Amino acid sequence: MEEQIEQAVAYALSPTADQSLKNQVGSWKSKVPLAINFCDQVKVSPDGWHLCLSLFVRFPKSTPEARLFALQVLEDVMQNRFLSLNKSQVIQIQSTLMEFVKREYVIGEGGGVDLGAEPLYLKNKFAHTLTLLFIQMYPSDWHDFFDQFLELLQTNTVNGSKTNIRTVDIFLRILMSIDEEVANIVVPRGKDQAHRNTAIKDNMRAGDIQKLTSTWYEILSDYRARNPEIAEMCLKVIGLYIAWIDINLIVNDAFITLLYELLTDTKLRIAACECLSEIVYKGMKPVEKLKLIEFLSLTNIMGSLEFTEDIDFVEHVAKLTNVLGVELCKIWEGADTETKTIAYNQIELLLPFLLKFLANEYDDVSCAVFSFVSALLTFFKKQKKQVGSLTGPQLEFLDSLLKMRKNLKAFFDAIFNIDESLFTSYVHTAVVNTLEKYQMVENSVDWRELELALHVMIQCNVSTFQHPAIPLIFFENVVRYYQFFEVQPDCIPSILEAFVDSRGLHNSILQIRTRSWYLFYRFVKLLKSRMGPYVENVLTSIQDLLIVQADLSSVDASEGAITRDQAMEGGFDDQIYLFETVGTLITVESIPADRQTEFAKIVISPLLADIERNLTTELSEPKDLNVLQLHHLIMAVGSIGKGFPEAPKNEAPNAQWVVLLKQSTEAILVVLKALSRFEIIRDAARFAFARLVNILGVEVLPYLPELITGLLNECQVSELLDSLPFIGLLSYKFNPSIYDILNELIGPLIIKVFFVLNQTPSGTDEAVLLLNLRKAYLSFILSLLNGGMDAVFVSDLNQPRLENILQSVVHYASDLVDLPSARTAFSILSKTVTLWGSLPIQTSTNNVDSGRSLPGFEQFMYEHILRICFEVPMKPAFNITDGQSVLVLNEIPGIIRTMYSQRGHELIDYLRRVWLPQNLADEFVQALQQLDQKGFKTYFRTFVQRSKS
């Protein structure tokens, strides 16, 4: 049976399965669905976990893919079916996994058996699996979990070390996984999980944490020289745990001395700096935090550090300074006079470091302390308002800040608000003196002085100055003050000349060149109406920059298929702005229609020819470079389209270039149909169509079925998140013309969403994605109902699926773990009651006119919608004082009132018979019948409070 699992996993999970395996049983592709089905059966079968447990620990080892699948099955059992296991089965899993730890991570090669190194992803997956077992058993059934591991750490040591390096490695990974499952707040957790996690942390703090911190100290001391990677992982663990353990276990003379020593170790100083930042950031009362900062005396330590060429380390010290400064400003904010004085003394000690980092030539370093600068300027502003003046050192700091090379407008404005006279005096002197000096000595002027002067000057020939920073600042100011050119259009030609020559778009320095592409796009877009006379010359000047040339040098091919983020690397994300600029220039209104079409052909036709050529090459000789080139070409076409004007709603544009854009649309669909298996092709097609639909209007409708089918066939969760709003936008934009298309596509789309939402997340990132998909799905349903597309749900084709859709909405409305989604779900249910909940109308001829009522919906409305209107707010986990819960609660009275307006006394009878207690029935009915919407909302909240008490 284990061999069958291995073979099925090879087919289902391994895209790189070798050809010999694929040919053993015929067509490989035909086996994939069977293999996936078999794997699913193993996962849900009662004894599947037992087979997978045996498969994972087997020696000789199975394939990495099979062992990964085995761990996934075990995780599913521990997350979703743990209570179905009896005590002996739990003990079997526990003992088997711990025996594997001893064999793989304790004895290892030291025992004379070469077990082979575990792949990193399997190490992490195993650590997570053991963590899931830990949180189910600790402390009641596995109180000595940490004692067992601490004992194993000291087993089978070598070379005089106190601990076994292999055991230390896996134990630290387990500790990181425990923090993620127990203390991580990114993923929302239910009330039961929160209570469980609190209990686990309380028990760990009661005794095990003290043992762990002692072990961390020993690991750091032992491995700082012997294996810095282990020591770095240990520092990361400390940084994670410091947020919820007793800080005195770490902040003591021995531990802090060791951390300070590590700040001088070139391999560990960044990790040590991050750890210290977490210590300073730990939530504490202001007075206690101030005592902590005084004890740490970080300014003395930072003063002794050598800031060498390691810019990453300098950036992390800047981040530590930022955290320290922000925390001190918070302490000052709400402290008494004595504490304020002590806090400010500490702030003053930080000011030299703050100025030093702000003046650093690397942006990442100076940006790292911006939060501290903002907090400090706010502090100065409040102090001046309270006291009436600033101290001498404070004014010196502000003056130094004004003289910084990188003065940001936000900080300038803040200083202006603090001391207007100081600000005005400095700026006037700096600008006038600099410009006078430039007129006399020209290129002998210090470029730093000119950079500052350019912030208030445009009409000047300094863009030719021979320092690379000057042209860029010149272009920044040109864009910032574009209104100047609206009243002085005769200055535009010289600016365009500077943009398109070697000062800007063709600059030899990559950073300046690519930044100029964006600034040029902004300049043209802001002054589009003034661009007409210059379009032809500009297009001629930048023709060489419109050549798309994909580059794989920045893509790690070993990681598998190229991702969306990787596809935009190598400078293409900047080149996109040039194509959008071209689209803006082509469609300047003052240009005759035939010239617009001519310009469009000059730019778009080469891209379409290149698309055809690369697709032909890819189909005959598949290469990553061909796919990446096609991605770039499609994105370029879509970006050009973004510059075109939008078509009127529900109308076809009549411009001559429409034919060319329709050809582009058809070319993109051909590529999508042939290469839809590539995520970057799907992403590029969605990007391009999102822009083309605005231009082509109803002309794009015939292409939408093929587009949406191509996007959905093989899409990932993240793509579904993008596709649902995109399809919702299409339905709004083309309502009612899109009805037939949406009627055909809504079924497969919902099935795809259900399939993905029903999967069990394998980690935090996937859980967040599924949570966001839930929100997107509910928002999509609501947008269709609000946009007048409700008919697609009750058509002959889709009505059989309607109950499943409504049941999913009811389910999410009842899930209190995700209250924002619950609120959206209740909004959907409210809309369905409005649309389909009315009574049929009896006509004068005794015929029944159903109006917009939906036969059978009233039963669903009473049995499910009305039920959760009472059940959800009555749940113990529903906190009526919580802000998000209040928003959910406010949706419910509106639903009940709508039901009453639709069903009348029929609803009253049902409420009395099923939901209302006898002592409150008359009061509730009277409130429902007599109060307005606001009054009933207030009453219902009181009703819930009384019922729960």
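Each chain has its residues counted from 1, following the order in which its sequence is written. A pLDDT threshold of at least 70 governs which residues receive local features in this predicted model, and a stricter bar of 80 or more applies before side-chain atom pairs are shown or counted, although totals over entire chains, interfaces and linings include all residues. Only hydrogens and water are removed before side-chain values are computed, so all heavy atoms of the structure are retained for them.

Colleague: Honestly, the overall build of the chain in this entry has me stumped. Any pointers?
Modeller: What the chain contains, in helices and strands, is 45 helices and two strands. Only protein chains enter the accessibility calculation, which uses a 1.4 Å probe; a residue whose area is less than 20% of its type maximum is buried, one above 50% is exposed, and one in between is partly exposed. Within the chain, the fraction of its 949 residues that count as buried is 51%. Long-range pairs, those at least 24 residues apart, make up 71% of the contacts in the chain between residues at least 6 apart in sequence. Across the chain, the centroid of the 85 positively charged side chains sits 4 Å from that of the 113 negatively charged ones. A run of H or I in DSSP becomes a helix once it reaches four residues, and a run of E becomes a strand once it reaches two; helices and strands are each numbered from the N terminus. Note on definitions: a residue-residue contact is assigned when non-hydrogen atoms from the two residues lie within 4.5 Å. A positive count includes Lys and Arg, and a negative count includes Asp and Glu. His and the chain ends are not counted in either. Every charge is mapped onto a representative atom, which is NZ of Lys, CZ of Arg, CG of Asp or CD of Glu.

Colleague: Before we go on, may I ask you to explain the packing of aromatic side chains in this structure?
Modeller: Given two aromatic rings, their pairing is described by the distance between the two centres and the angle made by the two planes. Ring pairs shown here join Phe, Tyr and Trp side chains whose ring centres sit within 6.5 Å, with only the six-membered ring taken for Trp; geometry is labelled stacked below 30 degrees between planes, edge-to-face above 60, and tilted in between. If you walk through the whole model with that rule in mind, you get 45 aromatic pairs. Relative to Phe 100, the ring of Phe 56 lies with its centre 4.8 Å away and its plane at 55°, an arrangement referred to as tilted. With a gap of 44 residues between them, Phe 56 in helix α4 (residues 48-57) and Phe 100 in helix α6 (residues 87-107) connect regions that are remote in the sequence. Owing to a relative accessible area of 0%, Phe 56 belongs among the buried residues under this scheme. Given the relative accessible area of 2%, Phe 100 is considered buried. Measuring from centroid to centroid gives 5.5 Å for Phe 134 and Phe 146, while their planes differ by 75°, and the two rings are edge-to-face. Here the residue Phe 134 occupies a position in helix α7 (residues 120-137), and Phe 146 occupies one in helix α8 (residues 145-153), the gap between them amounting to 12 residues. An aromatic cluster of at least three residues, connected via ring pairs, comprises Phe 134, Tyr 138, Trp 142, Phe 145, Phe 146, Phe 149 and Phe 171. One residue, Arg 691, lies across the ring of Phe 687, its end atom 3.6 Å from the ring centre. Whether a charge sits over a ring comes down to the Lys NZ or Arg CZ being within 6 Å of the ring centre and within 35 degrees of the ring normal.

Colleague: Which parts of the structure should I look at to understand the packing of helix α30 (residues 572-586) against helix α31 (residues 593-620)?
Modeller: Angle between the axes and distance between the axes: these two values describe a pair of packed helices. Think of each axis as a best-fit line through the C-alpha atoms, taken over the contacting stretch in the case of a helix, with angles from 0 to 180 degrees between the N-to-C directions. Between α30 and α31, the shortest axis-to-axis distance is 9 Å and the interhelical angle comes to 155°. In terms of orientation, α30 and α31 fall into the roughly antiparallel class. Residues Phe 579, Val 582 and Ile 586 of α30 lie in contact with α31, whose contacting residues are Gln 596, Phe 599, Ala 600, Val 603 and Leu 607. Classifying every residue of the contact of α30 with α31 gives seven nonpolar, one polar and no charged. In this scheme, roughly parallel covers angles under 35 degrees and roughly antiparallel covers those over 145, while 65 to 115 is roughly perpendicular and the rest are oblique. Residues are grouped as follows: nonpolar covers Ala, Val, Leu, Ile, Met, Phe, Trp, Tyr, Cys and Pro; charged covers Asp, Glu, Lys and Arg; every other residue, Gly included, is treated as polar.

Colleague: Quick question: what am I supposed to make of the UniProt feature "domain: Exportin-1/Importin-beta-like" (unreviewed entry) in the chain here?
Modeller: The UniProt entry lists residues 121-276 under the feature "domain: Exportin-1/Importin-beta-like" (unreviewed entry), expressed in the numbering used here. As annotated, residues 121-276 has a helix share of 72% and a strand share of 0%, and its two end C-alpha atoms lie 28 Å apart. UniProt positions are given in the numbering used here, feature names are shortened, and annotations may be inferred rather than shown by experiment.

Colleague: Sorry, what's going on with helix α20 (residues 392-402) here?
Modeller: The α-helix winds at 3.6 residues per turn, so residues separated by three or four positions along the chain end up facing the same way. For α20, the complete set of buried residues consists of Gln 394, Phe 397, Leu 398, Leu 401 and Leu 402. Within α20, the buried residues cover an arc of 140° as seen down the axis, which keeps them to one side. Our arc is simply the arc of the directions from the helix axis toward the C-beta atoms.

Colleague: What's the story with the packing of helix α13 (residues 269-281) against helix α16 (residues 311-333) in this structure? I'm lost.
Modeller: Interaxial distance between α13 and α16 falls to 9 Å at its minimum, and their mutual angle equals 10°. As the angle between them shows, α13 and α16 are arranged roughly parallel. In this structure, α13 contributes Arg 269, Ile 270, Cys 273, Glu 274, Leu 276, Ser 277, Val 280 and Tyr 281 to the contact, and α16 contributes Asp 312, Phe 313, His 316, Val 317, Lys 319, Leu 320, Val 323, Leu 324 and Glu 327. Residue composition of the contact of α13 with α16, by class: 10 nonpolar, two polar and five charged.

Colleague: Help me understand the environment of Leu 720 in this model?
Modeller: By the element assignment, Leu 720 lies in helix α36 (residues 717-733). Between the C-alpha atom of Leu 720 and that of Asp 551, which follows or precedes it by 169 residues, the distance is 28 Å. Those residues in contact with Leu 720, other than ones at most four positions away along the chain, are Leu 712, Cys 715, Pro 725, Leu 749, Lys 752, Val 753, Val 756 and Leu 773.

Colleague: Sorry if this is basic, but what is going on with the nonpolar core here?
Modeller: Considering soluble globular proteins, one finds that nonpolar side chains tend to be buried as a cluster. Definition of nonpolar core: a set of buried residues of the types Ala, Val, Leu, Ile, Met, Phe, Trp, Tyr and Cys, connected through side-chain atoms within 4.5 Å. Counting 174 residues, the largest nonpolar core has Phe 523, Leu 704, Tyr 777, Phe 793, Phe 826, Ile 896 and Phe 924 as the members making the most contacts within it. At 11 residues, helix α34 (residues 679-696) tops the list of elements feeding residues into this core. The residues touching Phe 523, leaving out its near neighbours within four places in the chain, are Val 478, Val 479, Phe 485, Ile 495, Leu 496, Phe 499 and Met 531.

Colleague: Would you take a moment to explain a negative patch on the surface for this structure?
Modeller: Put simply, a patch holds well-exposed residues, over 30% relative accessible area, that have no salt bridge, with like charges counted together within 9 Å and Val, Leu, Ile, Met, Phe, Trp or Tyr side chains within 5 Å. Residue-level accessible areas treat just the shown protein chains as cover; the underlying method is Shrake-Rupley with a 1.4 Å probe. Any carboxyl oxygen of Asp or Glu within 4 Å of a side-chain nitrogen of Lys or Arg constitutes a salt bridge here. Together, Glu 229, Glu 232, Glu 274 and Glu 278 give the surface a local cluster of negative charge. Elements supplying a minimum of two residues to the negative patch: α11 (228-241) and α13. Mapped onto the secondary structure, Glu 229 falls in helix α11. Since its relative accessible area comes to 54%, Glu 229 is described here as exposed.

Colleague: Help me understand unusual backbone geometry, please; the structure alone is not making it clear to me.
Modeller: For residues besides glycine, phi is generally negative; the peptide bonds are generally trans as well. With omega at 0°, the peptide bond leading from Tyr 138 into Pro 139 counts as cis. Mapped onto the elements, Pro 139 comes out in the loop between α7 and α8. Here the amide bond leading from Asn 735 into Pro 736 is cis, since omega sits at 5°, within 30 degrees of zero. A positive phi angle, close to 60°, is found at Asn 156, a residue other than glycine. Within the fold, Asn 156 resides in the loop between α8 and α9 (165-182). Under the relative-accessibility criterion, Asn 156 is labelled partly exposed at 31%. We note that Ser 297 has phi near 50°; this positive angle belongs to a residue other than glycine. Mapped onto the elements of the fold, Ser 297 is located in the loop between α14 (286-296) and α15 (298-304).

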